[in-house]
Amino acid sequence: MTELTKLTLSAARDGLHNGDFTSAEITAEHLNAIDDAKELNTYIEVTSDQAMNMAASADAMIKDGNAKGMTGIPIGIKDLYCTKGVHSQSASHILDGFKPEYESTVTSNLWNDGAVMLGKTNMDEFAMGSSNENSYYGPVINPWRATGSDKNTVPGGSSGGSAAAVAADISIATTGTDTGGSIRQPASFTGLVGFKPTYGRCSRFGMIAFASSLDQAGPLTKTVRDAAIMMESMAGYDAKDSTSINVEVPNYEAALTGDIRGLKVGIPKEYHSDGMPAAIEKLWQQGIGWLKDAGAEIVDISLPHTKYALPTYYIVAPAECSSNLARYDGVKYGLRVAGDSLDDMYKNTRAAGFGDEVKRRILIGTYVLSAGYYDAYYLKAQRVRTLIADDFKSAYQKCDVILTPTAPSEAFNLGDKVSDPLAMYLNDVFTVPASLAGLPGISVPAGLSSDGLPLGLQLLGQAFGEEQLLNVADVLETAAGFNIKPAKWWGE
Amino acid sequence: MSVDKETVAKIANLARIAVSEDELESTAGELNNILDWVEQLSEVDTDGVEPMTSVVAAALPRRVDEVTDGGYRDQVLKNAPASEHGFFAVPKVIE
Amino acid sequence: MSNLYQGATGDWEVVIGLEIHAQVISESKLFSGSSTKFGSEPNTQVSFVCSAQPGMLPVINDECVRQAIRTGLAMGCQINLRSVFDRKNYFYADLPQGYQISQFKDPIVGEGVVTVDLEDGSTKDIGVERLHLEQDAGKSMHDQHPTMTYVDLNRSGVALMEIVSMPDMRSAEEAGAYFKKIRSLVRYAGTCDGNMDQGSMRADVNVSVRRPGEELGTRTETKNVNSIRYMMLVIESEIRRQVGVLEDGGTIAQETRLFEVATGTTRTMRSKEEAHDYRYFPDPDLLPLEFSQELVDKLAKEMPELADAKRDRFIKDLHITSYNASVLVAEKESADYFEELLAATVAKTAKPVSELGTLVSNWVTGDLFGALKKLGKGITESPVSIEHAAELLNLQVDGTISGRIAKEVFELMLETGSSPETIVEEKGLKQVSDTGAIETMIDEILAANADKVEQYRGGKDKLYGFFVGQVMKQTGGKANPQVVNQLLRPKLDG
Ligand SMILES: [Mg+2]
Ligand SMILES: [Zn+2]
């Protein structure tokens, strides 16, 4: 019998539809594998009983001929999604014990299609981080280690638990969320496909907000095809989210034609940086070659405000978070730490409930919005953000998609950057610009670093140009032929 | 623009986060590092550029005026650290 | 009329601005589908959205947008086809999100002017700076538990219109007249019920004083004043206090104050924190609010008639006195009652409105209002239905009963709740118009009072009333006075 945890989503789907195995079987194998991989700290909560019940329902759906792409597929859900009656804390202490009485739209969509929830995956607290070292539940360990090293590396963040779970074959796919690169960067660090769609493509209803104008749901999967299948289930207009866009969800898998002849691929000159490791520069050049070989035309483009994207992001996102996280005040849910007055209770609760990075961003956000600084920081950043979005608009006059590296480095060792927030922020240098512009992006595993750690290439698309983006990503994936798995060092 | 201890205390109070006296200095340092770095935006000429208010080019959807929600007090109060007689309960406020 | 306030050291001028919060009439809340019904059990009209549960998002209520536009139109203000919702950030127990969704830089309604009527018959124009839509907060109860404050979120998220005036008022009377005017406008427009005791309308009162002609003084803001009388007390006590402080050489602190009903004065809020810094910024969960001029035009066309227009029409088309017209339009319910009754009376009598306006308006403002006042009831609680009232007036118009009998019948209607026709029937109050019967009666009376007839014919005109009285006495007041006159005069005059 095949090792069911090694299956891609599309292979699992086909096998389930063929009756080669049942969802109950795949789910049970994944639950065992999760048990075996506890030291990776990928799951905050494992919902074994619920998973087996959902698997049984999925098997019934398949039997009745009602199967969809996600039916019977066991997946992990980032702790940031509200799942009814189940741990949903955005990996924060401040939401201690919180079990929502409602379900997020994205997870509802997945469950309606028959997907099976294995549990809630670890993440950086409130999605703030690029290494998954900011979780109240401790860091996630990347299953990948540098060649010959026994040092733990980080899986990237903030969807680090979701990434590590798929990389370690303890989930067929997972949901992530991407605010400034939180799906794409961990995908690059763990050798996966990470797909952030256009802002407004997936509903944010029931997603614990970090920065509302940037947050977007997306999948972490083993292949581009898997991402297409899962996105079709996750996406869709939702009247409960005023920023969700009423555009029909296409059959993304059908867009994977393998034909990109005549397509124009833009290469932004500003994404070359002096400090970039040679392996990444080389991989990027290889990627250009692969797409050219497939018949695409390569175009040099300029995104002149690229260098201002990160500072813009680190004003806008903290500003929004300082307001979004005001509701965690010890009154309606989660942690309460007593105080002599209402204000003292607020202050004690929030001091104890938020981790250092979250507090840092709340304070920055409070500062940039405060009287006298609003114009100089917040308003300025929103103006630069307009320029960044305009850069992309001009670029897309000349090209259809854009190819860049996903991250400026491979996975680094645990603990290496925790004491230097600015160094940590630089991880998102290639992912943040598209986030600010609300554009879709996908990271495809393309090669290894000199240390034997995975590296991704990023493709950026036009608003609601997901089909084209996925098609190019599929071609890139095939050309790269990346099929290396981390050597299993954990468990028994 | 440089953030001092007093400013940190002020914004921590606005954000309702207790910061102890000995944390103020280090926090000020961290915030200054970040603020000095974002300061580079001042290089960008943004004269006549509209600030972005939303990334999506769509009109705000408006819903029909109907009662479609609410009426589940137990669920609303279920996660509350303290509730009594159907109310949320907080330390007494003196106006 | 001078509005100057005499202090110990000379004259002072008061400058008043009002921020009126008017609760929008809508079924559901501004950004969630929970009910807005008043007076329900605590936290029963609360959704996950209005209790700010994690991951919940706002979706705006179209009707609230329309209500704001209607109100703007009623105040003659500019309507902004594009406006923006901002977050006003602060912490408080009854503010579950930690911010209020409001409109700061770009409100839905811009400037306008309303004209208010003052007691001396003059009018004054008061500028409206803006109207914006925002969420109401929940309710904190501080007196239910020795160490706890209880929070009810039923009101959390209900739509409010904040109507901000220019600092154009110079006396408590002007402020009162302005508040009344705004209340009348929103009630006629059907956008706010104006129920002050339920908190549907309340005002933040900004007061400062200055020497006439000088720069604006420092103002204080007294929050959430929920009656016009209280608001006038706030202003008067603030004038006294501020002038007192300034004349003693002190300075006024810019602060938030609370009105204390018991003393009729204001005091500093104890929980007043350091200067507020609300950190307004556009709400990223919402897009800018945009609508077409066509929508505005459509709402303008559908707009109900407002008080001033109604009063003018009553005078012009119904020929009723300007006094009656003003009394009737003062409260929307009175005007509504009057118009309904008028229509019902027209239907019953088949006479044109112009002939009935005076009769009906006199009856409403005189008989009905008098009775309601005695009963301590409002017009909406009138014990006399439109149907019965129209019947009563019709009996008068068609000559079945006289005006005097009508008053008697009305008394009985109030007592018994019976229909006027039943009362007239049962009590035999029908007016006697039978000329034969009345003529016989007159002949008998003249015969029985030959001496008085002599005196009358001798020039004692006053005795005419005596003969009429005799006829009325014999018929129990039911003789048709016109018929009596027609017959009596020629007989007496011989
Ligand atoms: Mg105010
Ligand atoms: Zn207000």
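Here's the deal with the overall build of chain A
The secondary structure content of chain A amounts to 15 helices and 11 strands. The C-alpha radius of gyration computed for chain A amounts to 21 Å, which stays within 12% of the reference 23 Å derived for 492 residues, consistent with globular compactness. The dimensions of chain A, computed from C-alpha atoms along their principal axes, are 65 × 55 × 50 Å. Taken across its 492 residues, chain A has 69% of its residues classed as buried. For chain A, the share of sequence-separated contacts (at least 6 apart) that also reach a separation of at least 24 residues comes to 77%. For chain A, the exposed surface amounts to about 14600 Å²; the carbon and sulfur share of it is 47%.

Quick look at unusual backbone geometry
For the bond from A:Gly157 to A:Ser158, the omega torsion is 5 degrees, close enough to zero to count as cis. Along the polypeptide, A:Ser158 turns up in the loop between strand 3 (116-121) and helix 5 (160-167). Of note, the phi angle at A:Ser90 is positive, near 50 degrees, even though the residue is not glycine. With respect to the secondary-structure elements, A:Ser90 resides in the loop between strand 2 (74-78) and helix 4 (105-112). Classification of A:Ser90 as buried rests on a relative accessible area of 0%. Located in the positive-phi region is C:Ala52, a residue other than glycine, with phi close to 55 degrees. Turning to its location among the elements, C:Ala52 is positioned in the loop between strand 2 (11-23) and strand 3 (60-61).

Overview of the coordination of the zinc ion (ligand 2)
All names here are of chain C. Those donors, His21 (NE2), Glu134 (OE) and Glu162 (OE), are the protein atoms that reach the zinc ion (ligand 2), and they lie 1.9 to 2.1 Å from it. Binding-site remark: the zinc ion (ligand 2) is held by donors from one chain whose sequence spacing is H-x112-E-x27-E. The metal-metal distance between the zinc ion (ligand 2) and the magnesium ion (ligand 1) comes to 5.3 Å. Residue His21 is found in strand 2, and its partner Glu134 is found in strand 8 (residues 123-135); the two are separated by 113 residues along the sequence.

Looking at helix 7 (residues 224-234) of chain A
Residues and elements named next belong to chain A. When you tally the buried positions in helix 7, you get 9 out of 11 residues, the bulk of the element. For helix 7, the set of buried residues is Val224, Asp226, Ala227, Ala228, Ile229, Met230, Met231, Ser233 and Met234. One side-chain oxygen of the residue at the start of helix 7 lies 3.4 Å from the amide nitrogen of Arg225, identifying that residue as Thr223. In the stretch just after helix 7, Gly236 is the one whose phi turns positive, near 140 degrees.

Focus on the coordination of the magnesium ion (ligand 1)
C:Glu19 (OE), C:Asp204 (OD) and C:Glu221 (OE) make up the full set of protein donors to the magnesium ion (ligand 1), lying at 2.0 to 2.6 Å. Each donor residue of the magnesium ion (ligand 1) lies on one chain, and together they are spaced E-x184-D-x16-E.

What about the packing of aromatic side chains?
What the rule picks out here adds up to 31 aromatic pairs over all chains. Ring geometry for A:Tyr314 against A:Tyr425: centres 3.7 Å apart, planes inclined by 10 degrees, an arrangement best described as stacked. Taken together, the residues span a long stretch of sequence, with A:Tyr314 in helix 9 (residues 309-324) and A:Tyr425 in helix 13 (residues 421-425) at a distance of 111 residues. A:Tyr425 carries the same exposure label as A:Tyr314, and that label is buried. Residues C:Phe314 and C:Phe338 carry aromatic rings whose centres are separated by 5.0 Å and whose planes lie at 70 degrees to one another, so their mutual orientation is edge-to-face. Placement of the pair is C:Phe314 in helix 5 (residues 307-318) and C:Phe338 in helix 7 (residues 332-349), with a sequence separation of 24 residues. Accessibility expressed as a relative area gives 0% for C:Phe338, which makes it buried. The cationic tip of A:Lys417 hangs over the ring face of A:Phe412; the distance from NZ or CZ to the ring centre is 4.3 Å. Lying over the aromatic face of C:Trp12, C:Arg211 brings its terminal NZ or CZ to 3.8 Å of the ring centre.

Regarding the interface of chain B and chain A
If you look at the interface, chain B gives 47 residues, while chain A gives 62 residues. Interface area for chain B against chain A, summed over the two sides, is near 4800 Å², with a carbon-plus-sulfur share of 71%. It is B:Trp37, B:Leu41 and B:Met52 that lose the most area in chain B upon contact with chain A, and together they represent 14% of the buried surface on that side. Linking chain B to chain A there are 4 salt bridges. Close ionic contact of A:Asp343 with B:Arg16 constitutes a salt bridge, the shortest N to O distance being 2.8 Å.

Focus on the pairing of strand 8 of chain C
Residues and elements named next belong to chain C. Sheet analysis places strand 7 (residues 112-117) next to strand 8, joined by 6 bridges and oriented antiparallel. Within strand 8, the residue paired with Val113 across the bridge is Gly127. What sits between the antiparallel neighbours strand 7 and strand 8 is a turn of 5 residues, in which Gly121 has the positive phi angle 90 degrees. Bridge count for strand 8 against strand 11 (residues 159-165) is 7 bridges, and the pairing is antiparallel. What sits directly across from Gln135, in strand 11, is Ala159.

Describing the domain arrangement of chain C
Domain assignment breaks chain C into domain 1 (5-298), domain 2 (306-427) and domain 3 (435-493). Taken over C-alpha atoms, the centre of domain 2 of chain C sits 33 Å from the centre of domain 3 of chain C.

Rules used in this analysis
Residues numbered from 1 in each chain as written. Chains lettered and ligands numbered in written order. Predicted model: local features only at pLDDT ≥ 70, side-chain atom pairs only at ≥ 80, totals over all residues. Heavy atoms only, no water. Helix = DSSP H or I, 4+ residues; strand = E, 2+ residues; numbered from the N terminus. Rg over C-alpha atoms; globule rule 2.2 N^0.38 Å. Buried < 20%, exposed > 50% of the residue type's maximum accessible area, 1.4 Å probe, protein only. Contact = heavy atoms within 4.5 Å. Areas by Shrake-Rupley, 256 points an atom, 1.4 Å probe, with all protein chains shown as cover. Donors = N, O, S within 2.8 Å, 3.2 Å for Na, K, Ca; no water. Polar contact = N/O pair within 3.5 Å; in protein donor to acceptor, adjacent residues only side chain to side chain. Phe/Tyr/Trp six-rings, centres within 6.5 Å; stacked < 30°, edge-to-face > 60°. Lys NZ or Arg CZ within 6 Å of the ring centre and 35° of its normal. Buried area = accessible area lost by both parts, 1.4 Å probe. Salt bridge = Lys/Arg side-chain N within 4 Å of Asp/Glu carboxyl O. Pairing = 2+ DSSP bridges. Domains from an automatic or database assignment.

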